[in-house]
Amino acid sequence: MAPSHALKCCTRALNWIPVLFINLVVGWSYYAYVVELCVFSYLVIFHIFLTMFIWSYWKTIGSRPASPSKAFALPRAEKELYEREERAETQQEILKKVAKNLPVYTHAAGGAIRYCDHCQVIKPDRCHHCSTCEMVNNCVGFSNYKYFVLFLAYASLYCVVICATVIQYFIKFWTKQLPDTHAKFHILFLFFVAALFFISILSLLCYHLWLVGKNRTTIEAFRAPVFSNGPDKNGFSLGFSRNVAEVFGEQMKYWMIPVFSSPTDGEINACGNNIQHTAEASKEEIDGNQIVSVTMESEP
């Protein structure tokens, strides 16, 4: 077995550790809450949030990132010229020639066409290759961003239910009013773990809700996309309501359910001073996804 292949297998195995850890924590919390504490009054709402939490989580890690259309790949003749050419300037001329026929509106900071040498495609707008995950458990991209946000939301609610219903037992623990059984240790750790997870998850949830409202990816939050007339951090914003609809869909009845409900397949929808490119026009120009991962980095 080649060392590089062995290293890749080890990396893939390590990527499953966070998944295993989360499932173990959830499994233990279920045992502590339902079996040890037996808080029957809240079992219905507890199981509702637990079900939605697990559903959203597995949809997040189980949804494959979308890939760019074949139209973003270089035609054979241009690809051969590109691979034979050693001068970067000439390579860029080849890429610019091909990109003229594609709905690509952003470029690198220096004006270069964004090209992925690994996937051998011109990068669609807002698209980035992830050299870390390589599609293993799992980039957050357009195809699973809604699931990710719902996962954070339901995880927060799950922790809230636990903290709100366990705090009375937690107080009794500190005032030494609980029977001296091993259940009291479950109470202590259950409250602390839920509280710590809630604080960390809530901050991440608020950040991503802000990104949804602005229609920005995590990368764009730190580095504004560059258009023909310069960088513009709001270049893809359609207004708050339409930005939310891009991720959650136009029908509110589907917003809180982890099913795909976006009105588009990820095509560029940008407005402002840069471009006006609707989903319908994009579909006429190219049959592909654009706010995606080619095995791409975390993006909405």
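Residues numbered from 1 in each chain as written. Predicted model: local features only at pLDDT ≥ 70, side-chain atom pairs only at ≥ 80, totals over all residues. Heavy atoms only, no water.

Peer 1: Now, about the environment of Tyr 254: what can you tell me, with residues and values included?
Peer 2: When you line up the elements, Tyr 254 lands in the loop between helix H9 (240-248) and helix H10 (279-285). What makes Tyr 254 partly exposed here is its relative accessible area of 33%. In this structure Tyr 254 touches Lys 146, Val 259 and Ser 261, once residues within four positions along its chain are discounted. (Helix = DSSP H or I, 4+ residues; strand = E, 2+ residues; numbered from the N terminus. Buried < 20%, exposed > 50% of the residue type's maximum accessible area, 1.4 Å probe, protein only. Contact = heavy atoms within 4.5 Å.)

Peer 1: Account for the layout of surface pockets, naming residues and giving values.
Peer 2: Taken as a whole, the second largest pocket spans an internal volume of roughly 300 Å³. For the lining of the second largest pocket, the secondary-structure elements that each account for two or more residues are helix H2 (17-37), helix H6 (145-174) and helix H7 (183-214). Taken together, the residues that form the lining of the second largest pocket break down as 19 nonpolar, 2 polar and no charged. (1 Å grid on protein atoms, 1.4 Å probe; cavity = no way out; pocket = protein on both sides within 12 Å on 5 of 7 lines; lining within 4 Å. Points joined across faces, edges and corners; volume = space filled by probe spheres on them. Nonpolar A, V, L, I, M, F, W, Y, C, P; charged D, E, K, R; others polar.)

Peer 1: Explain the confidence of the model for the chain residue by residue, including any values.
Peer 2: If pLDDT is low for a region, its predicted coordinates should not be looked at in detail. In the predicted model, the chain carries a mean pLDDT of 81, and 84% of its residues have values of at least 70. Taken as a whole, residues 267-300 scores under 50 in pLDDT and shows 127 contacts with residues more than four places along the chain or in a different chain. (pLDDT = per-residue confidence, 0-100.)

Peer 1: Account for H9, with residues named and values stated.
Peer 2: Listing the buried residues of H9 in full gives Asn 243, Val 244, Ala 245, Glu 246, Val 247 and Phe 248. In this fold, the buried residues of H9 make contact with H6 and H7. Taken from the residues just after H9, Gly 249 is the one with a positive phi, measuring 95°.

Peer 1: Would you mind going over the packing of aromatic side chains in detail, with residue names and values included?
Peer 2: Scanning all chains against the criterion turns up 14 aromatic pairs. Measuring from ring centre to ring centre gives 5.1 Å for Tyr 57 and Phe 151, while their planes differ by 45°; the resulting arrangement is tilted. Of this pair, Tyr 57 sits in helix H3 (residues 43-62) while Phe 151 sits in helix H6, placing them 94 residues apart in sequence. The pair Tyr 57 / Phe 151 is uniform in exposure class, with both members buried. Aromatic rings pair up to connect Tyr 30, Tyr 33, Phe 46, Phe 53, Tyr 57, Trp 58, Phe 148, Phe 151 and Tyr 158 into one cluster. The ring centre of Phe 236 lies 4.3 Å from the NZ or CZ of Arg 126, which sits over that ring. (Phe/Tyr/Trp six-rings, centres within 6.5 Å; stacked < 30°, edge-to-face > 60°. Lys NZ or Arg CZ within 6 Å of the ring centre and 35° of its normal.)

Peer 1: Describe the packing of H6 against H7, listing the residues and the values that go with them.
Peer 2: At a minimum axis distance of 7 Å, the contact between H6 and H7 shows a crossing angle of 150°. The angle between the axes of H6 and H7 places the two elements in the roughly antiparallel class. Note that H6 runs across H7; the crossing there is left-handed. For the contact of H6 with H7, the residue count by class is 32 nonpolar, 2 polar and 1 charged. (Axes fitted to C-alpha atoms, helices over the stretch in contact; angles between N-to-C directions. Parallel < 35°, antiparallel > 145°, perpendicular 65-115°, else oblique. Left-handed = near helix turned anticlockwise from the far one by under 90°.)

Peer 1: I'd love a proper account of the packing of H7 against H9, names of residues and values included.
Peer 2: Pairs of packed helices are described in terms of their axes, by the angle between the two and the distance that separates them. The N-to-C vectors of H7 and H9 enclose an angle of 115°; their axes lie 6 Å apart at closest approach. In terms of axis orientation, H7 runs roughly perpendicular to H9. Residues Val 212, Gly 213 and Lys 214 of H7 form the contact with H9, whose participating residues are Phe 240, Asn 243, Val 244, Val 247 and Phe 248. When grouped by side-chain class, the residues that make up the contact of H7 with H9 number 5 nonpolar, 2 polar and 1 charged.

Peer 1: Give me the lowdown on the nonpolar core, citing residues and values where you can.
Peer 2: In terms of nonpolar packing, the biggest core is built from 46 residues, with Tyr 33, Phe 46, Phe 53, Tyr 145, Ile 162 and Val 166 touching the most fellow members. Ranked by residue count, the leading element in this core is H6, at 17 residues. In terms of nonpolar packing, the next biggest core, distinct from the first, is built from 14 residues, Tyr 82, Ala 99, Leu 102 and Val 104 among them. (Core = buried A, V, L, I, M, F, W, Y, C linked by side-chain atoms within 4.5 Å.)

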